[in-house]
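Observations on chain architecture
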Amino acid sequence: MTMATYRVPVARRPVHATVSVPGSKSLANRAFVCAALADGVSSITRVAPGDDTLAMVDCLRVLGVGLELENDAQASVTGTGGAFHAEGARLHARLAGTTSRFATALAALGDGPITIDGAPPLRSRPIGPLLEALETLGVVADAVDGAGHLPVEVTGPPTSGSVSIRGDVSSQYVTALMLIGPYLPGGLDLTLTTPLVSRPYVEITAAVMASFGVHEVDVGEGRIVVAPGRYTSCQYAIEPDASSASYALALVAVVGGEVTVEGLGDRSLQGDARFVDVMESMGCQASSTHTSVMVRRDPRTPLTGVDIDMADISDLVPTVAAVAVLANSPTTIRGVSFIRGKESDRLGDLSRELCRTGARVTETVDGLYIEPAGRRLTGGVLETHHDHRLAMAFGVLGTAVEGIVVVDPGVVSKSWPNFWEALDEIVREELAT
């Protein structure tokens, strides 16, 4: 989508739909890294089509990994056996924070120097803690233009596997180190100096590593240990993205009806699959099987606020906030101060944009406090701040609030390129019946 703005269609009646969402980019990028380091050829199916995944694919190809995509849904990856011969290579992560951090760790296994860079908004995001950790491992990791930000130049190899890092800044730093852990001298012995945020993402990492043959991964409260070893090639199928599914399921919360997401079941590896529990606590009904999840709400049933610590499901904050502004009682979101350093300031930017509609949202030290508006919300022009999750959350709200216009709607290409088409189809289908 190339248009500068998008006017969200209002749902005039409850929605009823079965929705397909893209594959999880979190699972895909972890699987790509494991396959790139493995011995042999891996097949990865249900690959997410978004920019983050394509950025990872491009970086791996520059590192010399044989990687072929078929129909943007299936990939064949020829592993390197744990070493990259790409001296002087430049990796471009676009806007993908996950890709930049994983690629920086991977570069440490090369015979460097290797440079990692990204688009201007990504350059403003921190990467210092990961660079410091890599230097502790014996890697030369220098920020080229300024301390703690892209572009960075990395020269390996590591000489140690023992390191400490904060756990309350980004779980992506921890995951990046875990993924290269089997190839460090003696494996990885990682001490967390502060409590770990987004723990489910670290557990996802361990699960993907196990699928590629590295089973000896111990994720403790203050310490993570990865035994030395090697990844082995495999066939790996990506689950639908639970974070993306939240937007489809949240439609039911704001306008009523019933939505089912196929392929995302009660055995999901993803912590964000807990979204259905949050919706239940706010007045919806939910059920799940091994292969699908469903949320419904009678529009006559009021939405209620919640008091919730979202440290482990922080990507859901914009979605929950978009629902909460329509509730008849207050909502408190806690434990997510670290999301100020995401694609946007997901507390400050989110609260300011929601307030443009007449919502009563207050930024707190570690979250948001959302009060009932006391009147009908109005439309407004909402900025996305280069953040796909803000854009899609505003899309959800716009189906219930007349006149919401989203600026830079194409930012959703990061994770769900055809989100607006899917949203329009759900809403228009109901209008046509």
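Refer to the preceding data block for the structure.
Remember, predicted model here, so these are calculated numbers, not experimental data. (Residues numbered from 1 in each chain as written. Predicted model: local features only at pLDDT ≥ 70, side-chain atom pairs only at ≥ 80, totals over all residues. Heavy atoms only, no water.)

Things to note about the packing of helix H11 (residues 348-355) against helix H12 (residues 388-398)
Contact pair H11 / H12: the axes reach a minimum separation of 11 Å and the direction vectors enclose 25°. Taken together, the axes of H11 and H12 are roughly parallel relative to one another. Helix-helix and strand crossings are classified by hand; for H11 and H12 the assignment is right-handed. The segment H11 lies against H12, with Asp349, Leu350, Glu353 and Leu354 engaging Leu390, Phe394 and Leu397. When its residues are assigned to classes, the contact of H11 with H12 shows five nonpolar, no polar and two charged. (Axes fitted to C-alpha atoms, helices over the stretch in contact; angles between N-to-C directions. Helix = DSSP H or I, 4+ residues; strand = E, 2+ residues; numbered from the N terminus. Parallel < 35°, antiparallel > 145°, perpendicular 65-115°, else oblique. Left-handed = near helix turned anticlockwise from the far one by under 90°. Contact = heavy atoms within 4.5 Å. Nonpolar A, V, L, I, M, F, W, Y, C, P; charged D, E, K, R; others polar.)

Quick notes on the environment of Ser329
In this fold, Ser329 is placed in the loop between helix H10 (317-324) and strand S19 (331-334). A relative accessible area of 22% places Ser329 in the partly exposed class. Separated by 168 residues in the primary sequence, Ser329 and Gly161 place their C-alpha atoms 50 Å from one another. Filtering out sequence-adjacent residues up to four positions away, Ser329 remains in contact with Thr304, Gly305 and Pro372. Of the polar contacts made by the side chain of Ser329, one reaches the backbone nitrogen of Gly305; its length is 2.7 Å. (Buried < 20%, exposed > 50% of the residue type's maximum accessible area, 1.4 Å probe, protein only. Polar contact = N/O pair within 3.5 Å; in protein donor to acceptor, adjacent residues only side chain to side chain.)

Side note on the sheet that holds strand S21 (residues 368-371)
One open sheet holds the four strands; their spatial order is S18-S19-S21-S20, and the pairing between them is mixed. If you trace the sheet from one side to the other, it starts and ends with strand S18 (307-309) and strand S20 (360-363), each paired once. Across the sheet, the axes of successive neighbouring strands diverge by a mean angle of 10°, strand direction being ignored. Sheet topology note: the S20/S21 ladder contains four bridges and is antiparallel. Looking at S21, one finds that Thr362 is bridged to Tyr369. (Pairing = 2+ DSSP bridges.)

Re the state of the cysteines
With the rule as written, the count across this model stands at zero disulfides. Left unpaired, Cys34 is separated from the closest cysteine sulfur, that of Cys234, by 8.4 Å. (Disulfide = S-S within 2.5 Å.)

Section: the packing of helix H2 (residues 51-62) against helix H3 (residues 97-107)
Here H2 crosses H3 at 20°, and the two axes come no closer than 10 Å. By the criterion of interaxial angle, the relationship of H2 to H3 is roughly parallel. Pair H2 / H3 crosses with right-handed handedness. For the pair formed by H2 and H3, the contact residues are Asp52, Ala55, Met56, Cys59 and Leu60 on the first element and Thr99, Phe102 and Leu106 on the second.

A word on the nonpolar core
Ranked by internal contacts, the top residues of the largest apolar core, which has 78 residues, are Met279, Met310, Ile333, Leu354, Leu368 and Trp420. Counting 77 residues, the second largest nonpolar core, distinct from the first, contains Phe84, Leu106, Leu184 and Leu196. (Core = buried A, V, L, I, M, F, W, Y, C linked by side-chain atoms within 4.5 Å.)

Section: the pattern of salt bridges
Throughout the structure, instances matching the rule amount to 24 salt bridges. Among the salt bridges present, the one from Arg296 reaches Glu258, with a minimum N-O distance of 3.0 Å. Note that Arg296 is positioned in strand S17 (residues 292-297) and Glu258 in strand S15 (residues 257-262), a separation of 38 residues in sequence. Judged by its relative accessible area of 32%, Arg296 falls in the partly exposed class. Linking Glu343 and Lys414 is a salt bridge whose minimum nitrogen-to-oxygen distance equals 3.6 Å. A residue pair is termed long-range when its members are at least 10 positions apart, and Glu343 in the loop between S19 and H11 and Lys414 in the loop between strand S23 (404-407) and helix H13 (419-432) qualify at 71 residues. Owing to a relative accessible area of 17%, Glu343 belongs among the buried residues under this scheme. With a relative accessible area of 5%, Lys414 lands in the buried category. One continuous salt-bridge network, built from bridges that share partners, spans Lys25, Asp52, Arg125, Asp315, Glu343, Arg346, Asp387, Arg389 and Lys414. (Salt bridge = Lys/Arg side-chain N within 4 Å of Asp/Glu carboxyl O.)

A short note on the packing of aromatic side chains
Tallied over the entire structure, the rule returns six aromatic pairs. Ring geometry for Tyr183 and Tyr231: centres 5.8 Å apart, planes at 45°, overall tilted. In this pair, Tyr183 is assigned in the loop between helix H6 (171-180) and strand S11 (188-192) and Tyr231 in the loop between strand S13 (223-226) and strand S14 (235-237), connecting sequence segments 48 residues apart. For Tyr231, a relative accessible area of 0% corresponds to the buried category. Here the aromatic rings of Trp416 and Phe419 are separated by 5.3 Å at their centres, their planes lie at 70°, and the arrangement is edge-to-face. Using a relative accessible area of 3% as the deciding quantity, one classes Trp416 as buried. For Phe419, a relative accessible area of 3% translates into the label buried. An aromatic cluster of three or more residues is present, and its members are Tyr6, Tyr247, Trp416, Phe419 and Trp420. (Phe/Tyr/Trp six-rings, centres within 6.5 Å; stacked < 30°, edge-to-face > 60°.)

Re the sheet that holds strand S2 (residues 15-19)
Taking strand neighbours across the sheet as the criterion, the four strands line up as S2-S15-S17-S16 in an open arrangement whose pairing is mixed. A strand with exactly one partner marks an edge of an open sheet, and here the two such strands are S2 and strand S16 (285-288). With direction set aside, neighbouring strand axes in the sheet form an average angle of 10°. Note: S16 against S17, four bridges, orientation antiparallel. Among the inter-strand pairings, Ala286 is bridged to a residue of S17, identified as Val295. Of the strands in this sheet, S2, S15 and S17 touch helix H8 (residues 242-255), which is tilted by about 170° from S15.

Some details on the pairing of S23
Here S23 shows a buried face lined by Ile404 and Val406 and a second buried face lined by Val405 and Val407. Where strand S1 (residues 5-7) and S23 come together, three bridges link them in antiparallel fashion. Paired with Arg7 across the strands is Val405, a residue of S23. The pairing of strand S22 (residues 380-382) with S23 spans three bridges and is classified as parallel. Within the sheet, the bridge partner assigned to Leu382 lies in S23 and is Val406.

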